[in-house]
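The primary structure of each chain is shown beneath.
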Amino acid sequence: MKKWLLPMAALAFLVGCQDETVETPSSEATGPAGEVETKIEEALGTDVSIPTMQNHDIGLAYLDSAAESTSAHLIYQTTTKPADGFNVDTWSEQNEYEVLHGDLFKDAPLAELDIFPETFGELADAETQEIAGKEVAYKVIPGPVRDTAVLGFDKDGAGYMITYYLAVNQTIDEAFNFAEQIIEN
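Quick summary incoming for the structure in this document. (Residues numbered from 1 in each chain as written. Predicted model: local features only at pLDDT ≥ 70, side-chain atom pairs only at ≥ 80, totals over all residues. Heavy atoms only, no water.)

**With respect to the pairing of strand 4 (residues 109-117)**
We apply this condition: Note: two strands are recorded as paired if DSSP finds a minimum of 2 bridges between them. Under the DSSP-based scheme used, a helix requires at least four consecutive residues in state H or I and a strand at least two consecutive residues in state E, with every element numbered from the N terminus.
Pairing of strand 2 (residues 71-77) with strand 4 involves six bridges; the strand directions are antiparallel. Counted as the bridge partner of Ile-75 is Glu-112 from strand 4. Both strand 4 and strand 8 (residues 158-165) contribute to a ladder of seven bridges, which runs antiparallel. Counterpart to Asp-114 in the pairing with strand 8 is Met-161.

**Looking at the nonpolar core**
Using the following cut-off: Joining through side-chain atoms within 4.5 Å is the link that ties buried Ala, Val, Leu, Ile, Met, Phe, Trp, Tyr and Cys residues into a set, and such a set is a nonpolar core. Categorising residues by exposure relies on relative accessible area from a 1.4 Å probe, with only protein chains included: less than 20% of the type maximum marks a residue as buried, more than 50% marks it as exposed, and the intermediate range marks it as partly exposed. Pairs of residues are marked as contacts when any of their non-hydrogen atoms sit within 4.5 Å.
Among the nonpolar cores identified, the biggest contains 36 residues, and Ile-40, Leu-74, Ile-115 and Tyr-164 are the most heavily contacted of them. Mapped onto this core, the elements with two or more residues apiece are helix 2 (31-44), strand 1 (58-64), strand 2, strand 4, strand 6 (134-141), strand 7 (148-155), strand 8 and helix 4 (172-184). If we ignore the near neighbours within four places in the chain, the residues touching Ile-40 are Gly-45, Val-48, Ile-50, Leu-63, Ala-72, Leu-74 and Leu-100.

**Structural notes on the packing of aromatic side chains**
The condition that has to hold: When the centres of two rings from Phe, Tyr and Trp lie within 6.5 Å, Trp using its six-membered ring, the rings pair. Their planes under 30 degrees apart give stacked, over 60 give edge-to-face, and anything left gives tilted.
For the structure on display, the rule yields seven aromatic pairs. A ring pair is formed by Tyr-62 and Tyr-97, whose centres lie 4.5 Å apart and whose planes are at 35°; its orientation type is tilted. Of the two residues, Tyr-62 is situated in strand 1 and Tyr-97 in strand 3 (residues 97-102); the sequence distance between them amounts to 35 residues. Given a relative accessible area of 11%, Tyr-62 falls into the buried group. A centroid spacing of 5.0 Å and a plane angle of 55° characterise the contact between Trp-91 and Tyr-97, whose relative ring orientation is tilted. Judged by its relative accessible area of 22%, Trp-91 falls in the partly exposed class. Judged by its relative accessible area of 21%, Tyr-97 is partly exposed. Every member of this aromatic cluster is reached through a ring pair, and the members are Tyr-62, Trp-91 and Tyr-97.

**Structural notes on the side chain of Gln-170**
Definition in use: Counted as a polar contact is a pair of N or O atoms within 3.5 Å, where, for protein atoms, one must be capable of donating a hydrogen and the other of accepting one, and residues adjacent in sequence contribute only when both atoms are in side chains.
Tracing the backbone through its elements, the reader meets Gln-170 in the loop between strand 8 and helix 4. A polar contact is formed between the side chain of Gln-170 and the backbone nitrogen of Ala-167, at a distance of 2.8 Å. Those residues in contact with Gln-170 that lie beyond four places of it in its chain are Leu-110, Tyr-164 and Tyr-165.

**Overview of the sheet that holds strand 5 (residues 127-131)**
Defined as follows: Only the contacting stretch of a helix is used when fitting its axis, a line to C-alpha atoms as for every element, and angles between N-to-C directions run 0 to 180 degrees.
Here eight strands make up an open sheet; going across it, the order is 3-1-2-4-8-7-6-5 and the pairing antiparallel. The strands lining the two open edges of the sheet, one partner per strand, are strand 3 and strand 5. Ignoring strand direction, the axes of neighbouring strands in this sheet form an average angle of 20°. Relative to strand 8, strand 7 runs antiparallel, the two being bridged by eight bridges. Of the residues in strand 8, the one forming a bridge with Leu-151 is Ile-162. The strands touched by helix 3 (residues 88-95) within the sheet are strand 1 and strand 3, with strand 3 carrying the most contacts at an inclination of about 150°.

Structure (structure tokens):
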């Protein structure tokens, strides 16, 4: 017991002397999400917030300039298997999209995030929910296999529209948590 006393005392001393000004990691997106966020901010001319999802990557991110103003679209995938027989470059040329990241995937997405300059617009027949101090319009659309939650809100010069595909064991709260990440970032 005595032979461990001195090393434990030294360890306790070192822990107590740590610099308290150590910075915690930023909550800003890093990796592909950070790169996509930067490109979208440049295209839309405003700051945006790109949330991350545990175990689900952004499978495809693209800009759509066909309407009056450019909008950004992100698709969070449930799989990493690209779609066979589909080429993302051909798809983007046919639809006049600028692909920022990713590929086309075989399986259905978990969520889609659309970002618009200024406002998301209006969500017909929606209810409202306060999330992190912001009014969020939402509705749940029943489906034959799974329900779909659609949420819309504006934040800091950008409009966000979330389409969250609810699995059998998921509730609208999953979509609310996703929206909260955007609002709080």
